[in-house]
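# Observations on the three-dimensional arrangement
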Amino acid sequence: IALEVMLPKLIFEKKNAAAITVWWVLILIYASLRFDDGVHVAPSSLEMTPEALLGVVWQTKVERTRRGTRFAVPTCSISGVEWLAMGWDLFKPHISDRDYFVWELKSEKEFNEAPVTYSRGLSWLKAFMLRGINETRILKLVEVNEMDELEKAVREVTWHSMRVTMLSEAVKAQVDGKIVGLQANWKDPSQLVLKYARQRK
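Below is a short write-up of the structure. All residue numbers here refer to positions counted from 1 along the written sequence of the relevant chain. Residues qualify for local features only when their pLDDT is at least 70, as the model is predicted, and side-chain atom pairs are given and counted only at 80 or more; totals for whole chains, interfaces and linings, by contrast, use all residues. The side-chain quantities take in all heavy atoms of the structure and omit both hydrogens and water.

## What about the sheet that holds strand 3 (residues 69–74)?
An order of 1-2-3 is seen for the three strands of this open sheet, with the pairing classed as antiparallel. Since the sheet does not close on itself, it has two edges, and those belong to strand 1 (47–48) and strand 3, each with one partner. Should DSSP find at least two bridges between two strands, the strands are taken to pair. The numbering of helices and of strands both runs from the N terminus, where a helix is a DSSP run of H or I of at least 4 residues and a strand a run of E of at least 2. Note: strand 2 (residues 52–57) against strand 3, six bridges, orientation antiparallel. Bridge pairing links Gly55 to Phe71 in strand 3.

Given below as structure tokens:
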């Protein structure tokens, strides 16, 4: 929710580079992608439909033949913000034949000419999450007494958190293992569903 509500705020502030980065992070979360997988997406492979943003990761941890692994980001939102369409409209002019999805941020308004990197990208992500949490408080989407706990949770976030968020929530909601496996792109989900449950009990 924090990241979803940050997107229109950044767009309003004309901080388009930051907005595109937040949009990309939301794509990682909703598609359950690893950081490296999210980097290895050629923008020209993306296709926006009314139901979802479709794309191809051209190299993953397990699939390195450049055949590609497909992913889909559904047109949905927890906050009510239409973040996927907003971000797509911003990103469209930046589609080219490069082999990585987004650049490293130089500032909130400018990119560097290189792909996003793990540690610097994570620092930006945590800053956006903290600002987003503050925005959710202003919009009364969270209670004031929840702030400390949420800010503490942000300190523990890693890029792997993007990969496991939806998988963990699906397991907690007792979603069928096959559906969880499809979301995660597993060939054999039987052993892996519990692994991705944060609270294994």
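## Structural notes on the pattern of salt bridges
For salt bridges, the criterion is a side-chain nitrogen of Lys or Arg within 4 Å of an Asp or Glu carboxyl oxygen. Summed over all chains, the structure comprises eight salt bridges. The partner of Glu13 in a salt bridge is Lys15, with the nearest N and O atoms 3.3 Å apart. Residue Glu13 is classed as partly exposed on the basis of its relative accessible area, which comes to 25%. The shortest N-O distance in the salt bridge between Glu13 and Arg131 comes to 3.7 Å. Within this pair, whereas Glu13 is found in the loop between helix 1 (2–12) and helix 2 (16–31), its partner Arg131 is found in helix 5 (residues 118–138), the two being separated by 118 residues in sequence. Burial classes follow relative accessibility: with a 1.4 Å probe on protein chains only, a residue under 20% of its type's maximum area counts as buried, one over 50% as exposed, and anything between as partly exposed. Judged by its relative accessible area of 29%, Arg131 falls in the partly exposed class. Three or more residues joined by partner-sharing salt bridges are found here, namely Lys9, Glu13, Lys15, Glu108, Arg131 and Glu135.

## As for unusual backbone geometry
Residue Ser32 is not a glycine yet carries a positive backbone phi of 55 degrees. Inspection of the secondary structure assignment puts Ser32 in the loop between helix 2 and helix 3 (35–39). One non-glycine residue, Lys140, adopts positive backbone phi at about 60 degrees. Turning to its location among the elements, Lys140 is positioned in the loop between helix 5 and helix 6 (147–155). Classification of Lys140 as exposed rests on a relative accessible area of 71%.

## Brief notes about the packing of helix 1 against helix 4 (residues 83–91)
The N-to-C vectors of helix 1 and helix 4 enclose an angle of 35 degrees; their axes lie 10 Å apart at closest approach. Where helix 1 crosses over helix 4, the two elements pack in a sense that is left-handed. Residue-level inspection shows Glu4, Leu7, Pro8 and Ile11 of helix 1 in contact with helix 4, the latter providing Trp83, Met86, Gly87 and Leu90. Three categories are distinguished: nonpolar for Ala, Val, Leu, Ile, Met, Phe, Trp, Tyr, Cys and Pro, charged for Asp, Glu, Lys and Arg, and polar for the others, with Gly belonging to the last. Split into classes, the residues belonging to the contact of helix 1 with helix 4 amount to six nonpolar, one polar and one charged. Axes, fitted as lines to C-alpha atoms, cover a helix only where it is in contact. Angles between the N-to-C directions of the axes lie from 0 to 180 degrees. The hand of a helix crossing depends on one turn: near helix anticlockwise from the far one by less than a right angle means left-handed, and clockwise means right-handed. Throughout, a residue-residue contact means that at least one pair of heavy atoms, one from each residue, lies within 4.5 Å.

## Comments concerning the packing of helix 1 against helix 5
In contact at an axis separation of 8 Å, helix 1 and helix 5 are set at 90 degrees when each is read in the N-to-C sense. Considered as vectors, helix 1 and helix 5 are oriented roughly perpendicular to each other. Here helix 1 contributes Ala2, Leu3, Val5, Met6, Lys9 and Leu10 to the contact with helix 5, which in turn contributes Leu125, Phe128, Met129, Arg131, Gly132, Ile133, Glu135 and Thr136. Broken down by class, the residue content of the contact of helix 1 with helix 5 amounts to nine nonpolar, two polar and three charged. For classification purposes, angles smaller than 35 degrees are called roughly parallel, those larger than 145 roughly antiparallel, those between 65 and 115 roughly perpendicular, and all remaining angles oblique.

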